[in-house]
Amino acid sequence: QFANETWGFIKQPTKWDGGDYLKLGMLGAATFLIMQTADIPIRNTVLKDQRYRKSYPIEFGDVWGELYFTELLFGGFSAYALYAGDKTSHKIAFEIAQATFYTFLVNGSLKYIIGRGRPYLEQGNQTYSPFSRYDNPDHQSFPGGHTGITLALTTVLSRNAKPLWLKILAYVPAALSVIGRVYLDRHWT
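Computed from a predicted model, the values in this text were never measured in an experiment.

The rules behind these values
Residues numbered from 1 in each chain as written. Predicted model: local features only at pLDDT ≥ 70, side-chain atom pairs only at ≥ 80, totals over all residues. Heavy atoms only, no water. Helix = DSSP H or I, 4+ residues; strand = E, 2+ residues; numbered from the N terminus. Buried < 20%, exposed > 50% of the residue type's maximum accessible area, 1.4 Å probe, protein only. Areas by Shrake-Rupley, 256 points an atom, 1.4 Å probe, with all protein chains shown as cover. Lys, Arg positive; Asp, Glu negative; His and termini not counted. Charge placed at Lys NZ, Arg CZ, Asp CG, Glu CD. Axes fitted to C-alpha atoms, helices over the stretch in contact; angles between N-to-C directions. Parallel < 35°, antiparallel > 145°, perpendicular 65-115°, else oblique. Left-handed = near helix turned anticlockwise from the far one by under 90°. Contact = heavy atoms within 4.5 Å. Nonpolar A, V, L, I, M, F, W, Y, C, P; charged D, E, K, R; others polar. Salt bridge = Lys/Arg side-chain N within 4 Å of Asp/Glu carboxyl O.

Visitor: How should the overall build of the protein be read in this particular structure?
Guide: Scanning the protein from N- to C-terminus turns up 9 helices and 0 strands. Helices (α) and strands (β) of the protein occur, in sequence order from the N terminus, as α-α-α-α-α-α-α-α-α. Counting all 189 residues of the protein, 34% fall into the buried class. Of the accessible surface of the protein, which amounts to about 11600 Å², a share of 68% is contributed by carbon and sulfur atoms. The averaged location of the 15 negative side-chain charges in the protein is 3 Å from the averaged location of its 19 positive side-chain charges.

Visitor: Which parts of the structure should I look at to understand the packing of helix α5 (residues 67-84) against helix α7 (residues 145-160)?
Guide: Packed helix pairs are characterised by how far apart their axes lie and by the angle those axes make with each other. Running from amino to carboxyl end, α5 crosses α7 at an angle of 25 degrees, the nearest separation of the two axes being 10 Å. As summarised for this structure, α5 and α7 are arranged roughly parallel, according to the angle between their axes. Two packed elements cross with a definite hand, and for α5 against α7 that hand is left-handed. Only Ile149, Leu153 and Leu157 of α7 make contact with α5, whose side of the interface consists of Leu67, Phe69, Thr70, Leu73 and Phe77. Looking at the contact of α5 with α7 residue by residue, the class counts come to 7 nonpolar, 1 polar and no charged.

Visitor: Explain unusual backbone geometry to me, please; I cannot follow it from the model alone.
Guide: Glycine aside, residues mostly have negative phi, and peptide bonds are mostly found in the trans state. A cis amide bond links phenylalanine 142 to the next residue, proline 143, at an omega of -5 degrees. Note that proline 143 resides in the loop between α6 (87-114) and α7. A positive phi angle, near 60 degrees, is found at glutamate 122, a position not held by glycine. Here glutamate 122 is to be found in the loop between α6 and α7.

Visitor: Got a minute to help me understand the pattern of salt bridges in this structure?
Guide: Side-chain pairs of opposite charge can arise where the charged atoms are in close proximity. Summed over the entire model, instances satisfying the criterion amount to 7 salt bridges. As a salt-bridge pair, aspartate 185 and arginine 43 come within 2.6 Å of each other at their nearest N and O atoms. Separated by 142 residues along the polypeptide, aspartate 185 in the segment after α9 (171-183) and arginine 43 in helix α3 (residues 39-47) bring together distant segments of the chain. An identical accessibility class is assigned to aspartate 185 and arginine 43; each is buried. The partner of lysine 91 in a salt bridge is glutamate 95, and the shortest N-O contact between them spans 2.9 Å. Taken together, the positions of lysine 91 and glutamate 95, both in helix α6 and 4 residues apart, correspond to about one turn of that helix. Accessibility expressed as a relative area gives 39% for lysine 91, which makes it partly exposed. Its relative accessible area of 23% is what places glutamate 95 among the partly exposed residues.

Shown next, in the form of C-alpha cells:
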C-alpha cells in the first residue's frame with residue numbers, strides 16, 4: 001500500500017489541470033510577495049519582545065514540530081494498535097509515517113535546492129546558498145521543516161478525529177509551532 005500510494009503521490013502533478021497549476025502559481029506568487037514585504041517588519045516586531053522565548057506554549061510548539069515527537073506518536077499509535085488490535089490506531093500510525101515521509105522528502109529536497117538563510121544569521125531575508133550541505137541548518141530556512149512536519153501530523157490527527165471541537169483543537173499545536181519558529185528567529189514569516 002505504501003509503495004502504491006507513494007507512486008501515486010509522485011505522479012500526481014501529471015494529473016493536474018490548469019486550475020491546479022494556477023493555484024500553485026498563485027501560492028508561489030503570494031509566498032514571494034510575503035517574503036519581499038513582510039519578513040523583515042514582522043521579524044523586527046517579534047524580536048522586540050522575547051520574554052516568552054522559554055514559555056510553555058513556545059516550547060511545546062517547537063517540540064510538536066520535531067521529528068522525534070512525530071516518531072513517538074507513530075510508536076504510540078503502533079503499540080496501541082498491536083496491543084488492542086485497533087484498526088483505527090493502525091491507520092493513524094500508517095498515515096503519520098506516510099505523511100512524515102512525504103513531508104521530509106519534499107521539504108528536505110526544497111531546503112537543499114533553495115538554501116535560504118535563517119534570520120539569526122543577520123544577513124537579510126534574501127540570502128541564499130543553494131545546494132549547501134544538508135548538515136548545514138543555517139541555510140535551510142525555506143520551506144520550514146517543523147512547519148511541514150507539524151502540519152502533516154496535525155492534518156492526520158484532525159482528519160481522524162470525530163468531534164469537530166477535537167478537529168479544531170488539533171490545529172492549536174500546529175499554530176504554536178508555526179508562530180514559535182518565527183518567534184525563536186529560526187524562520188522568516
